[in-house]
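Okay, here's what each chain looks like letter by letter:
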Amino acid sequence: MPPPLPDLFRRYLKLECNFTPNTVDAYRRDVDRLLEFLSGEGISPLEAKLENLQHFAASLHDVGIAPRSQCRILSGVRTFYRFLLLDGWRDDDPTELLESPQIGQHLPEVLSVKEVDMLEQAIDLTKWEGHRNRAIIEVLFSCGLRVTELVTLKLSNLYADEQYLRVEGKGRKERLVPISAKALKELDLWFAVRCQMSNIKRGEEDYVFLNRRGAHLTRTMVLIMVKQTAEAAGIHKTISPHTFRHSFATALLEGGADLRVIQALLGHEDIGTTEIYTHIDTHTLREEILNHHPRNIKANKNL
């Protein structure tokens, strides 16, 4: 008897698509949600039609799932049915005409250099993790890494003399990213603390960032640290580790960097993903006009 479809799908995602464990888990959850819905309707996924999948998509809206999250879930469903088609379980793909909800252009929050400095200055360097946390923030801002790329960063992928990092991004695609002298300095201060650790777990020795127990950090640990540091610094923006990636790209664009260069540094497969930063820059220019031009609305509130 062959393994259940979800297990075969997971194997397809790992071996054929070469997706990261995080992406595999997310797609598996999406398909589990679909299978639970179809089971409630008394329908097999091998028999589901476009109409059934449209009802599933509508159910996501009905339970209050945000449009962006709906799009992600439906992306997982499309990948599942592509797998069923390629593996011979079905001779058609019912998701070909399945539409995703429209989502507006979202301009992510960004931090200025001054705000990044405020974050770093708010870190208590008398604590064990102080220099580690400063190094994390500086590497995120200076290199534009995804948080998963940060927590899986290895010492063996750090080329300090050449001032480069080798990063494994989505789809296990590697890229070289320059690292600033400031980030290298913060890393050196952290390494001075790290080298005194006597409890590093076996198999964790090559990770750059470790916790007190000698294991590499998780994405959640970094998220909590960033939010706590923002509160200590008095920064009221809603920020996450990904905010530093947006800030990195925006700073490059405002400094005159070519969009293709930013695409390569971020590891974006599609230039369209990178183009959101042109909207951020336009938004910034508009704010400057509204705040400083003598004929604008904000400067003439009393007229």
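Residues numbered from 1 in each chain as written. Predicted model: local features only at pLDDT ≥ 70, side-chain atom pairs only at ≥ 80, totals over all residues. Heavy atoms only, no water.

Chemist: What's the story with the pairing of strand β2 (residues 164–168) in this structure? I'm lost.
Modeler: Taken residue by residue, a regular strand's side chains alternate between the two faces of the sheet. Burial along β2 is one-sided: L165 and V167 are buried, while Y164, R166 and E168, pointing the other way, are not. Here two bridges tie strand β1 (residues 158–159) to β2, and the two strands are oriented antiparallel to one another. Bridge pairing in β2 links Y159 to Y164. Linking β1 to β2, which pair antiparallel, is a turn of four residues; within it Q163 sits at a positive phi near 60 degrees. Of the strand pairs in this sheet, β2 and strand β3 (residues 174–178) are connected by five bridges, and their pairing is antiparallel. In the sheet register, Y164 faces β3, and the bridge partner there is P178. (Buried < 20%, exposed > 50% of the residue type's maximum accessible area, 1.4 Å probe, protein only. Helix = DSSP H or I, 4+ residues; strand = E, 2+ residues; numbered from the N terminus. Pairing = 2+ DSSP bridges.)

Chemist: Whenever I open this one, the sheet that holds β1 confuses me. Can you help?
Modeler: The strands making up a sheet associate through hydrogen bonds between their backbones, and the pairing can be parallel or antiparallel. Judged by pairing direction, the sheet is antiparallel, and its three strands sit side by side in the order β1-β2-β3 without closing on themselves. For this open sheet the edge positions go to β1 and β3, each flanked by a neighbour on one side alone.

Chemist: What is the right way to look at the pattern of salt bridges in this model?
Modeler: Close approach of charged atoms allows side chains of opposite charge to pair. All chains considered together, the criterion is met by 14 salt bridges. Note that E120 and K182 form a salt bridge whose closest N and O atoms lie 3.1 Å from each other. Taken together, the residues E120 in helix α5 (residues 113–121) and K182 in helix α8 (residues 181–194) connect sequence positions 62 residues apart. Judged by relative accessible area, which is 2%, E120 ranks as buried. Of the charged contacts, one joins E186 and K182 as a salt bridge, the two residues approaching to 3.0 Å between their closest N and O atoms. Taken together, the residues E186 and K182, both in helix α8 and four residues apart, mark about one turn of the helix. Note on K182: relative accessible area 35%, which makes it partly exposed. Sharing partners across several salt bridges, the network here consists of E120, R134, E138, K182 and E186. (Salt bridge = Lys/Arg side-chain N within 4 Å of Asp/Glu carboxyl O.)

Chemist: Would you explain the side chain of R146 in this entry?
Modeler: Topologically, R146 is positioned in the loop between α6 (130–143) and α7 (147–151). Not counting the four nearest positions on each side in its chain, R146 is found in contact with G169, K170, R175, R245, L266, G267 and H268. (Contact = heavy atoms within 4.5 Å.)

Chemist: For this particular structure, what's the right way to read the side chain of S142?
Modeler: Its location among the elements puts S142 in helix α6. A polar side-chain atom of S142 sits 2.6 Å from a polar atom in the side chain of E138. (Polar contact = N/O pair within 3.5 Å; in protein donor to acceptor, adjacent residues only side chain to side chain.)

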